[in-house]
Amino acid sequence: MNDDDILVEFIVEAREILDQLDLDFVQLEITPDDQKLVGNIFRAMHTLKGSSGFFAFKRLEKVSHAGESLLGKIRDGQLTLDTQKATILLSTLDCLRAIIEGIESTHTEPAGDDSGLVENLLALAAGKETNVPIQPTTPAEPQAEAISAPENTAPAVSPEPPTPPANASVVISADDSESTDQVWAPDPADIIKAQETAAPVKVSLELLDKLMNLVSEMVLARNRLLPFTTQFSDHDFSSAVRVVDLLTLELQERMMKTRMQPIAQVWTKFPRLMRDVSNQCGKQVSLIQEGSETELDRTLLDAIRDPLVHIIRNSIDHGIELPEERISRGKPVLGKVLLRASHENGMVVIEIADDGAGVDFDLVRQRAIEKNLIPLQQAQELTDMQLLEFIFLPGFSTKSQVTNLSGRGVGMDVVKTNISNIGGSIDINSKRGVGTNIRLKIPLTLAIMPALFVRCGSEPYAIPQNSVLEMVRLDLSEATTGLEDFYGTPVFRLRNQLVPILFLNHQLEVSQDLPAADAILNIAILQSSGIRFGLVVDEVLKMQEVVVKPLGPLLKDVKDFAGATILGNGRVALILDIDGIAIQSGMVAKIQSRPLNAESIQEKSSEEDVAMLSFELEGQSRLAIYLENVQRLEMISPKQVQRNGNRDVIQYGKEIMHLLYLNQYIEGANHRKTPSIEDEVIPVIVHYTNGIPVGLVVSQVHDIIHVSKNLHEANPPQKGLLGCVSLNDQVINVIDLQEILIMRNLQENSKEYPAVIDMDFS
Amino acid sequence: MSISTDFVTFYLGGHYFGINASDVLELNRNLEVTPVPKSAKTVRGIMNLRGQLVPAIDMYERLNLERHSGMTESISIILRSDGFLVALLVDDAAEILSLDQETFEPPPSNFSLVSRELVLGVHKLSDRLLLILDPKLINQRTEKAKNQLLLA
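Residues numbered from 1 in each chain as written. Chains lettered and ligands numbered in written order. Predicted model: local features only at pLDDT ≥ 70, side-chain atom pairs only at ≥ 80, totals over all residues. Heavy atoms only, no water.

## Considerations on the overall build of chain A
Assigned secondary structure in chain A consists of 25 helices and 30 strands. Long-range contacts, defined here as pairs at least 24 residues apart, represent 67% of the contacts in chain A between residues at least 6 apart. In the structure as shown, chain A presents an accessible area of about 38,100 Å², 52% of it carried by carbon and sulfur atoms. (Helix = DSSP H or I, 4+ residues; strand = E, 2+ residues; numbered from the N terminus. Contact = heavy atoms within 4.5 Å. Areas by Shrake-Rupley, 256 points an atom, 1.4 Å probe, with all protein chains shown as cover.)

## Some words on the sheet that holds strand 5 (residues 347-354) of chain A
Whenever strands of a sheet pair, they do so through backbone hydrogen bonds, lying parallel or antiparallel. Residue and element names in this part refer to chain A. Within the open sheet, the 5 strands sit side by side as 2-4-5-7-6. Their pairing is mixed. Bordering the open sheet on either side are strand 2 (285-290) and strand 6 (425-431), each of which pairs with just one other strand. Across the sheet, the mean angle from the axis of one strand to that of its neighbour is 15 degrees, orientation sign disregarded. The sheet contact formed by strand 2 and strand 4 (residues 335-344) spans 6 bridges and is parallel. (Pairing = 2+ DSSP bridges. Axes fitted to C-alpha atoms, helices over the stretch in contact; angles between N-to-C directions.)

## With respect to helix 2 (residues 35-54) of chain A
Residues and elements named next belong to chain A. Along its 20 residues, helix 2 runs 29 Å from first to last C-alpha, staying within 8% of the 28 Å computed at 1.5 Å per residue. By the criterion of burial, helix 2 is predominantly enclosed, with 18 of the 20 residues buried. Just beyond helix 2, the residue with positive phi is alanine 56, at close to 55 degrees. (Expected span 1.5 Å × (residues − 1). Buried < 20%, exposed > 50% of the residue type's maximum accessible area, 1.4 Å probe, protein only.)

## Some points on the packing of aromatic side chains
All chains considered together, the criterion is met by 3 aromatic pairs over all chains. For the ring pair Phe10(B) and Phe17(B), a centre distance of 5.7 Å and an interplane angle of 25 degrees mean the geometry is stacked. The exposure class of Phe17(B) is buried, given its relative accessible area of 3%. Lys542(A) extends its terminal NZ or CZ atom over the ring of Phe453(A), reaching a point 5.4 Å from the ring centre. Sitting above the plane of the Tyr16(B) ring, Arg128(B) keeps its charged end 4.1 Å from the centroid. (Phe/Tyr/Trp six-rings, centres within 6.5 Å; stacked < 30°, edge-to-face > 60°. Lys NZ or Arg CZ within 6 Å of the ring centre and 35° of its normal.)

## Details of the pairing of strand 30 (residues 730-735) of chain A
Residues and elements named next belong to chain A. The buried fraction of strand 30 amounts to 5 of the 6 residues, a majority that puts the element mostly inside the structure. For strand 20 (residues 620-626) and strand 30, the ladder comprises 2 bridges, and the chain directions are parallel. Paired with alanine 624 across the strands is valine 734, a residue of strand 30. The pairing of strand 29 (residues 721-727) with strand 30 spans 6 bridges and is classified as antiparallel. Residue pairing for strand 30: serine 726 is matched across the bridge by valine 731. Hairpin connection, strand 29 to strand 30: the antiparallel pair is bridged by 2 residues, and asparagine 728 has positive phi, about 60 degrees.

## Examining the interface of chain A and chain B
Between chain A and chain B, the residue contacts involve 25 residues of the former and 23 residues of the latter. Carbon and sulfur atoms make up 65% of the surface buried where chain A meets chain B, a total of about 2,000 Å² over both sides. Counting the surface chain A buries against chain B, the share from its top three residues, Leu554(A), Leu555(A) and Val572(A), is 31%. Put simply, chain A and chain B have 2 salt bridges between them. Residues Asp560(A) and Lys38(B) are paired through a salt bridge, measuring 3.1 Å at the closest nitrogen-oxygen approach. Broken down by element, the side of chain A that touches chain B gets its largest block of residues, 3 residues, from strand 17 (residues 561-566) of chain A. In terms of residue class, the side of chain A that touches chain B is made up of 14 nonpolar, 3 polar and 8 charged. (Buried area = accessible area lost by both parts, 1.4 Å probe. Salt bridge = Lys/Arg side-chain N within 4 Å of Asp/Glu carboxyl O. Nonpolar A, V, L, I, M, F, W, Y, C, P; charged D, E, K, R; others polar.)

## A few points about the sheet that holds strand 4 (residues 33-34) of chain B
Residues and elements named next belong to chain B. Strand order across the open sheet formed by 6 strands is 3-7-8-6-5-4, with mixed pairing between neighbours. Of all strands in the sheet, those with a lone pairing partner are strand 3 (24-29) and strand 4, marking the two edges. Relative to strand 8 (residues 84-90), strand 6 (residues 52-58) runs parallel, the two sharing 3 bridges. Within the sheet, the bridge partner assigned to aspartate 58 lies in strand 8 and is leucine 89.

## Digging into helix 3 (residues 58-75) of chain A
An α-helical turn contains 3.6 residues, so any two residues separated by three or four positions project in the same direction. Residues and elements named next belong to chain A. If you check helix 3, its first and last C-alpha atoms are 25 Å apart, about what 18 residues at 1.5 Å a residue would give, namely 26 Å. Among the 18 residues in helix 3, 13 count as buried, and that is most of the element. Count one or two residues on from helix 3 and you reach glycine 77, which has phi positive near 80 degrees.

## A look at the nonpolar core
Counting residues in hydrophobic clusters, the biggest one holds 59 residues, and the most contacted among them are Leu504(A), Leu576(A) and Leu88(B). The biggest single contributor to this core is strand 15 (residues 531-537) of chain A, with 4 residues. Once residues lying within four places of it in the same chain are set aside, the contact partners of Leu576(A) are Tyr461(A), Ala462(A), Ile463(A), Pro464(A), Leu504(A), Leu508(A), Leu535(A), Asp560(A), Phe561(A), Ala562(A) and Ile581(A). Of all hydrophobic cores here, the second largest spans 46 residues; its members include Ile350(A), Ala368(A), Ile391(A) and Val415(A). (Core = buried A, V, L, I, M, F, W, Y, C linked by side-chain atoms within 4.5 Å.)

## Focus: the confidence of the model for chain A
Residue and element names in this part refer to chain A. Averaged over every residue, the pLDDT of chain A is 75; residues scoring 70 or more account for 80%. Every residue in residues 129-197 is under pLDDT 50, and counting partners more than four places away or in other chains gives 81 contacts. Low pLDDT, under 50, characterises residues 750-762; the stretch is placed with 18 contacts to residues that sit more than four places away or in other chains. (pLDDT = per-residue confidence, 0-100.)

## Some points on the pattern of salt bridges
All names here are of chain A. In this structure the tally under the stated criterion is 29 salt bridges over all chains. A salt bridge links lysine 58 to glutamate 61; the shortest N-O distance between them is 4.0 Å. In this pair, lysine 58 and glutamate 61 both sit in helix 3, 3 residues apart, roughly one turn of the helix. The exposure class of glutamate 61 is partly exposed, given its relative accessible area of 21%. Linked by salt bridges that have partners in common, Asp19, Asp22, Asp94, Arg97, Lys269, Arg272, Arg275 and Asp276 make up one network.

Here's what the structure looks like:
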């Protein structure tokens, strides 16, 4: 090992120590009496000092020595840690970090003057000595913890029970009186623990990436090998290939695992960040972390660090109110910022929630008007959800004053770009006075992602699966409306919603062909930049995991592609950048200025709205039922239906579910037709009444719709209908479930109208 | 005594070109090129070089040469240009020549604009001229060429 290697080791170790110290200091402020913690901090600082002496890094040595002196006094109980001391110790850390960074880039210590800091430290260490009664030192306790501190900071450097790294012990010089009382007397239990955790080995990232590449190659080589087993019917050869096949698969899986790292790696920096920011703002905030063990590919970890820092800063600076304000609003003085990571559908979801004031929607509206982003009148009509979109525009800030924390208007747009660059998405939700909740959805790994392959012209292209909502086949000869034109944008109707479409061959300038009037279009419904659109492709091929590779500098100007991947046959296929295509087509701007489906944007909006499930019956095509009455949707086969007395029932899990043919109860519906054996499946809306499932048989279930709470009453009243609502200029009848259930009871019992109908409609 | 340099030589559109051998990683035959729609004309597409994506430069376009024959270039010369790998698509590869500085001359003045920037100079061989290309410019100028295209 030459000097350079030792130096690199030193830098890595020093960084780990500093990271750990960051955490420890913040913790220490919360629990100032924690002697173990003080001991840990002291030792870590000491190790750093020792190592820097070995390399003759004078600045580093002086600063860490001064820090150590102050810490020594705190450890011995001569001084107590207060905010002033904590702040100066943290700035000592920053100073040390800056020096280490300098060393890393130049391999020599950067020049600089730390005398002020050193003096302050020493003054604090010495000056107050007389004021504080000298307490008996408690050396036993910190030493018991001697094992875990260096173990945490440098797990792989020393497999044997940790001593200060070898190079450090060389240098402990005579002036260092504190060090002599350090007796490394490890607890036997800790030794066992240390040996168990001695496994991790440090591997350079470069090597890891290279290995990953090789493994991908190996997989492709295997793919080329596989077809030969069918060509030659040599048994030995086949079994050898099979072994290679299995090994490669396992190798690939293991390799993927090595790249995964817990999100805690990024989060360790946040307690410190939060402390600094909240101190600067004069706010009191606690950071709660949940799911820090969630694993992500390491390249992704790097990519989410800055966005997360930004969001957390925003939460504290914009979100959490000042203590007095919180009290006046009846909130606890201590604001909360919650960081939560979890897995969800093959994605990692990171939530950053605060219980602050929420986004100031009025201010956002005002700024939007001031910046001429939207005409005054239109601005007044915008819902909160729509206002939130402005936050993601470049240069948009609600802070009137630029602070060094935020307000410069370079913020959420960068966050959004960074997140979408790694195939993720961002969702923001905010309630006045209650808080803001930001959800980041990040793919598990960048290296491999599922993609949908489509053909355009003669080439296959991959679409990242996370932007694919569904696939639709549109037969232009059968469709009643087909393609329509909406202010120059071709659109088609999907479940009563207008969906704009793009032709991939036009976008890629492969050809200018338009589909024939009777063509069958393959449309991939995609979600991008907040809008939903359909991409017409020549053929839908398959779903496959792809290894994403960058296109390189020569092709980076082509915004239509996010990268490329190598197929099993060794060919290259391009991966479409859905955002890029949507924006380049000019469609995004068009749709934003002229929303296609006005109500869809307001989907989650005002509280005046109510969610319903729309469905159809023979003869009654537009019906809806309150969503709260719907527990599940099921497709049942007619073969499952059994006759039980005069009722049709099916076995539903462990229960018997009665079927109720809605068309018999609703005026205007076709009474005759009841589902017969010819039907392949019967759609059933499951509703629980008194804990008993009732299956409402319909002929087709459509969609969840959001409509106004105010029903237009049907006049004269119609059987089975509560009233109607309008949506998209269509009248939708809302069924009266209560009446229908009563009618059923009447019909079946053929008795009097039951005096009391004990039903639960909540 | 003069220092000699090794050149990988190749044919393109009837011309004889050379490129400093130290920049060249390898030569390949019949690597499949996947076209990249909407990319610069000079980039024919990308190819898979053992798991690495390498842009394939259409040297006819790059050098403003007229394509006479209908045949497609089958040889790709992989070289490192400005830290990135690129593949030059050429008609045929020839031998590696070790040449002295003595026979070298700056490019003649009657060269067309684009190729003039790319050609470092000419080695006067006994029977013909060998045009020496600058590997660094191959990468950079492609982008500029595209910008010019966009402006036009």
